[in-house]
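The residues making up each chain are set out below.
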Amino acid sequence: MEDSANQPLMADASLYNGQPTDTGSSCPSARLTSCTPSIQNNKDGVSVENVLDANKQWFVLRVSYGRIIKAKAFIEAKGLECYVPLRYKEVRKHGKKRIITEPLLSSFLFVYATAEQVDYLLQDKDIKAFENRALLSYYYDHTSHCENAPTKNPPLIIADIAMDNFIRLTSIHNPHIIPVTSENIKYKLGDEVVITEGEFKDIHGRVTRIAGQQRVVVELFDGCLVATAYIPKEAMKIEIVNRIRE
């Protein structure tokens, strides 16, 4: 049966980083699977410790609508490392406020593997076994072209440092972390900042206002933007790179 990205996580929660669907009044942080670059909690918040492999990179894969659970299970069954960011959402259930988890991004997941491993994965015959729709496909980098094929775009690859920053943000169990679109935000002087205090400490992004609130937006790639909760001015500082540019 096809899963739905519009519904809270149900049944086998192990498909989503080992977290339960309904966590009651508390909400655990999203974690990578055991074979993925680790995330560990410490007194300063979430730290990401990637054991870098020179041959592995973070690939962005597009998932056909409503099939995140199926896609993640498929990838992990092949022994590959996969990350699905979660959204922690407040809902009312039987008159009480609860926190549920659901996919933060309905159409994307991230695989840490070699180019050969991803190519082999996407050539698997089971990829197109459901209603003749590809379960997974490459998401391409529309800002560059292949060296040996100037009219084609290469698969999008995310730099380790950018992915670490994204994982830090999306691993914080705060229901006010939300995906946004560029049309819904207004950057404040284009300032790139690092958050210096609170649960979002060490997150890098750009200052913006969303629905009247000052937040920091992390843009992983065009069309993939995630905003923090409200961040006060005194809890962030402008990145040194901005000062160099000025």
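Caption draft 1: Fine view of the nonpolar core. Within the largest apolar cluster, 32 residues are counted, with the highest numbers of intra-cluster contacts made by Phe110, Met163, Phe166, Phe200 and Phe221. Of all the secondary structure elements, the ones that give two or more residues to this core are strand 3 (57-63), strand 7 (108-113), helix 3 (160-170), strand 11 (186-195), strand 13 (213-221) and strand 14 (224-227). In this structure, Ala71, Phe74, Leu80 and Leu86 belong to the second largest nonpolar core, which totals 23 residues.

Caption draft 2: View of the pairing of strand 12 (residues 204-210). Pairing of strand 12 with strand 13, which is carried by five bridges, proceeds in the antiparallel orientation. Its bridge partner lying in strand 13, Arg206 is registered against Val217.

Caption draft 3: Examining empty space enclosed by the protein more closely. Counted under the stated rule, the structure contains one cavity of 30 Å³ or more. Leu86, Arg87, Tyr88, Thr170, Ile172, Asn174 and Ile177 together form the lining of the largest cavity. Counting residues per element, the lining of the largest cavity draws most heavily on strand 5 (residues 86-93), at three residues.

Caption draft 4: Spotlight on the layout of surface pockets. Size it by volume and the largest pocket reaches roughly 320 Å³. Lining the largest pocket are 14 residues, and of these Ile161, Ala162, Asn165, His204 and Val218 lie nearest its centre. When residues of the lining of the largest pocket are traced back to their parent elements, those giving at least two are helix 3, strand 12 and strand 13. With five residues, the top contributor of residues to the lining of the largest pocket is helix 3. Across the lining of the largest pocket, the residue classes tally to six nonpolar, three polar and five charged.

Caption draft 5: Up close: the packing of aromatic side chains. Under the counting rule described, the total for this entry stands at seven aromatic pairs. Seen in terms of ring centroids, Phe108 and Tyr139 are 5.0 Å apart; in terms of plane orientation they differ by 85 degrees. Their pairing is edge-to-face. Pair noted here: Phe108 is in strand 7 and Tyr139 is in the loop between strand 8 (136-138) and strand 9 (157-158), with a separation of 31 residues, a long-range link. Residue classification places Phe108 among the buried positions, given a relative accessible area of 12%.

Caption draft 6: Looking closely at the confidence of the model for the chain. Averaged over all residues, the pLDDT of the chain equals 76, while 72% of them reach at least 70. Considering only residues more than four positions removed or in separate chains, one finds that residues 1-50, a stretch of pLDDT under 50, has 122 contacts. Confidence over residues 242-246 falls short of pLDDT 50; this stretch has five contacts with residues more than four positions distant or in other chains.

Caption draft 7: Geometry of the pattern of salt bridges. Evaluation of the coordinates by the stated rule reveals five salt bridges. For Lys78, the salt bridge identified is with Asp124, shortest N-O distance 2.7 Å. Here Lys78, found in the loop between helix 1 (68-77) and strand 4 (81-83), pairs with Asp124, found in the loop between helix 2 (115-122) and strand 8; they are 46 residues apart in sequence, far enough to count as distant. A relative accessible area of 17% means that Asp124 is categorised as buried. Between Glu102 and Lys89 there is a salt bridge, and its shortest N-O distance comes to 3.9 Å. Placement of Glu102 in strand 6 (residues 96-103) and of Lys89 in strand 5 is noted, with a sequence separation of 13 residues between them.

About the thresholds
- Residues numbered from 1 in each chain as written.
- Predicted model: local features only at pLDDT ≥ 70, side-chain atom pairs only at ≥ 80, totals over all residues.
- Heavy atoms only, no water.
- Core = buried A, V, L, I, M, F, W, Y, C linked by side-chain atoms within 4.5 Å.
- Buried < 20%, exposed > 50% of the residue type's maximum accessible area, 1.4 Å probe, protein only.
- Helix = DSSP H or I, 4+ residues; strand = E, 2+ residues; numbered from the N terminus.
- Pairing = 2+ DSSP bridges.
- 1 Å grid on protein atoms, 1.4 Å probe; cavity = no way out; pocket = protein on both sides within 12 Å on 5 of 7 lines; lining within 4 Å.
- Points joined across faces, edges and corners; volume = space filled by probe spheres on them.
- Nonpolar A, V, L, I, M, F, W, Y, C, P; charged D, E, K, R; others polar.
- Phe/Tyr/Trp six-rings, centres within 6.5 Å; stacked < 30°, edge-to-face > 60°.
- pLDDT = per-residue confidence, 0-100.
- Contact = heavy atoms within 4.5 Å.
- Salt bridge = Lys/Arg side-chain N within 4 Å of Asp/Glu carboxyl O.

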